[in-house]
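# Examining the three-dimensional arrangement
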Amino acid sequence: MTRWQRLFPFLQWPRPDAALLRGEALAGLTVGLMVIPQGVAYAALAGMPLVTGIYAALLPALIAVLFSASPRLGVGPTALTCLLVGSSLAPLATPGSAEWVQLAVWLALLSGLLQVLLGAVRYGWLLNLVNSPVLMAFTQGAAVLIIGSQSPALLGFANGTALFAWQGWHPASMAFGLGALVALVAARRLRPGLPSVLVLVLASAGLARLLGFEAGGGAVIGTLPQGLPALVLPGWPGWETLSALVLPTLMITLVSFLETASSAKVDNGRRGVRWNQDQDLIGQGLAKIASGFTGAMPTSSSFSRSALNLYAGAQTGWASVFTVGVVLLALLLAMPLLHHVPLAVLAAIVVLPIWGLIKPRAFTQLWRLSRVEALIAGATFAITLLAAPRLYWGVLAGVVMALTHFLYLRLHPRIIEVGLHPDGSLRDRHLWQLPPLAPNLYALRMDAALDFATASGFERAIAEHLQEHPGTEGVMLIAHPINWIDATGAETFGRVREQLDDRRIHLHLVGIKLPVETVLRQAGHLDASERLHLYRTETEALQALNTTPPAPTDTH
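The following paragraphs examine the structure supplied in this document.

Conventions used here
Residues numbered from 1 in each chain as written. Predicted model: local features only at pLDDT ≥ 70, side-chain atom pairs only at ≥ 80, totals over all residues. Heavy atoms only, no water. Axes fitted to C-alpha atoms, helices over the stretch in contact; angles between N-to-C directions. Helix = DSSP H or I, 4+ residues; strand = E, 2+ residues; numbered from the N terminus. Parallel < 35°, antiparallel > 145°, perpendicular 65-115°, else oblique. Left-handed = near helix turned anticlockwise from the far one by under 90°. Contact = heavy atoms within 4.5 Å. Nonpolar A, V, L, I, M, F, W, Y, C, P; charged D, E, K, R; others polar. Buried < 20%, exposed > 50% of the residue type's maximum accessible area, 1.4 Å probe, protein only. Expected span 1.5 Å × (residues − 1). Polar contact = N/O pair within 3.5 Å; in protein donor to acceptor, adjacent residues only side chain to side chain.

Two numbers describe how helix 8 (residues 171–190) lies on helix 15 (residues 343–355): the axes approach to 8 Å, and their chain directions differ by 40 degrees. Accordingly, the angle class assigned to the pair helix 8 and helix 15 is oblique. At the point where helix 8 passes helix 15, the crossing takes the right-handed sense. Only Ala344, Val345, Ala348, Ile349, Val351, Leu352 and Pro353 of helix 15 make contact with helix 8, whose side of the interface consists of Ser173, Phe176, Gly177, Ala180, Leu181, Leu184, Val185 and Arg188. By residue class, the composition of the contact of helix 8 with helix 15 is twelve nonpolar, two polar and one charged.

Written as structure tokens, this is what we have:
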């Protein structure tokens, strides 16, 4: 790969021929017909002018496909990111107002700049701060809130953008909303490849106009501006307002890129290539910046549209280019067709895919695997709901709890006394009720690195055993699980060896790895001594102790 190809990933695309372009055009058309009504629906979820949902699927999608390492992702507005935008700005401005739009633009610019910076300095590994249980719990909590925010509009109540705002019931709107939901479910089961969302939108618009739905008090999309978005340069919001956007920016950056990761791993896995998460950070960040400068909200990668792109046969980024072309034609020619679409239908478009994110069984399965992680996930889910509209507290709490659990495990390494199992392996002596390897010998194994986090536990385990067994004549350390040692670990090891020497106790080191051995030798802790014994293998150590292991049982 050349330097220019690394800087501009689209230079790696294959030269298109007629056959490739036909397939890519079909895939692009399929996704384009889906993203237009979805974009309008998700803009409503974010509290933005409805047309900005289409703007977010135009230039941002083109920038993303040109500069990302995963060119088959469907980039644009997504439900989770739009919910984060709406919930973050709720305490700061009125939904749909000029101030609201300006703050949403700042969120797009700030989160985009942050992603570009993280990608440029190769900090994609920060994704690992959010583990799977926390992300699962937050996603399900956000899904509940999204459905809650859309339920009033779906069932024909006014103020459908507010959470569980039940007032001003309109029976015809409820009929459109529930009817749209049933139609989408039926289409998904009977004709999964059909652009059902677009068909539903056009059919509902025609039916609403025929029945005089708007004149009867029904809420519709209304007139959308036609043409390309104008360049937007947001005014300076002031340091106080900007500081209030810092935490939402961090959460949108993290959550939106985790959305990207879920799609990118599937895409790159099917292509058989390693995922370049740092390049995708740059591409997705540039897309957010482009979205901000066109007056729209932060974008992300949609798992459903990315999956549809792959299902439709997309092979390269040319499919996304065709999708952008479809969106462009819609902005230039098709905006009047959306005027009569009931808002209840948009609510159904949002609710159906989000409903599939609610999976209570995921918590019970997690409980069987790890009760601590299940409790962390449950707390994350509850905090996400209780903290609404400030959803980011759910992610933050989950990350803090998960990191606390991780640190606890690192500070409390697994240290066991080993004995000789009948199959010839060394196992936990107390768990398997095995005799000591040799009289007056303490044989231990620590399944962790020997560093500042584990050194005190290592030293304490040996000291406690010697205190309880004053007649100990030898300590054997099964060292092959220790693949890393730092200065604190080396200092602790040296102190332990001195204490054993003072008590004339022999130290047996088994299977010490070269990086660890090199550090200890440089520190002077492996100097030759009559009470220091090094063995490369467990078998060699057992033979030296005059303990012959039995032959392993043939299990075949």
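For the bond from Ala388 to Pro389, the omega torsion is 10 degrees, close enough to zero to count as cis. Note on placement: Pro389 falls in the loop between helix 17 (371–386) and helix 18 (392–411). Positive phi is not limited to glycine here, since Arg122 has a value of about 60 degrees. For Arg504, which is not glycine, the phi dihedral falls at a positive 60 degrees. Secondary-structure assignment places Arg504 in the loop between helix 20 (487–502) and strand 7 (506–510). Relative accessible area serves as the criterion here: at 58%, Arg504 is assigned to the exposed category.

What follows is about helix 20. For helix 20, which comprises 16 residues, the first-to-last C-alpha distance of 23 Å matches the rise-based estimate of 22 Å (1.5 Å per residue) to within 8%. Tucked into the core, helix 20 has its buried residues touching helix 19 (455–468), strand 6 (474–478), strand 7, helix 21 (514–522) and strand 8 (532–535). You can read the cap of helix 20 off the contacts: a side-chain oxygen lies 3.2 Å from the backbone nitrogen of Thr488, and it is on Asp486. Two residues or fewer past helix 20, Arg504 is found with a positive phi of approximately 60 degrees.

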